[in-house]
Amino acid sequence: MGFGQAITMPLFLGSTALYPLSVMPGRLQAVSKVNPLSYPVDALRGLLLGTPAHLATDFAVPAVAAALGIAAASSLLGRLAR
C-alpha cells in the first residue's frame, strides 16, 4: 500500500486537481503538463463548468498512459513470476 501511495501522491499533487494551472509556479506547470492525471481533471472541470475545450486530448492522454503502463507491467510480470 505504501508503494501505491508513493506513486499516487506526487501525481495528485502535481496535477491541476488542487490548483489551476495559471496559479502554479513555473516548474510545477511543466510537471503538470506531462502528468497524465491533469488531463481527466481538466476534462471534468470543463464539463462541469460547461466549457469543454479539448476533450479529445483530455481523454487520449490518460488512455495512452494506461496502455503504456499495462504494456510495461505485462512485460515485467514474466520476470517477477519466475
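Placed above this text is the structure.
Each chain has its residues counted from 1, following the order in which its sequence is written. Totals for whole chains, interfaces and linings use all residues, but because this is a predicted model, local features are given only for residues with pLDDT of at least 70 and pairs of side-chain atoms are given and counted only at 80 or more. Only hydrogens and water are removed before side-chain values are computed, so all heavy atoms of the structure are retained for them.

A run of H or I in DSSP becomes a helix once it reaches four residues, and a run of E becomes a strand once it reaches two; helices and strands are each numbered from the N terminus. Tracing the backbone shows serine 32 in helix α2 (residues 26-34). Relative accessible area serves as the criterion here: at 3%, serine 32 is assigned to the buried category. Among the polar contacts listed, one links the side chain of serine 32 to the side chain of serine 38, at a separation of 3.0 Å. Among all residues touching serine 32, those that are not within four sequence positions of it are Gly14, Ser15, Thr16, Leu21, Met24 and Ser38. Under the scheme applied here, a residue whose accessible area is under 20% of the maximum for its type counts as buried, over 50% as exposed, and between as partly exposed, the area being computed with a 1.4 Å probe on protein chains only. Between N or O atoms, a polar contact is any pair within 3.5 Å; within protein, one atom must be a potential hydrogen donor and the other a potential acceptor, and residues adjacent in sequence are included only when both atoms are from side chains. The contact definition used throughout considers only heavy atoms, calling two residues in contact when any of these lie within 4.5 Å.

Looking now at the side chain of asparagine 35. Positionally, asparagine 35 belongs in the loop between α2 and α3 (38-49). Side-chain polar atoms of asparagine 35 contact the backbone oxygen of leucine 11, separated by 2.6 Å. If we skip the residues at most four places from it in the chain, asparagine 35 touches Leu11, Gly14 and Ser15.

Geometric values such as these leave the question of function open.
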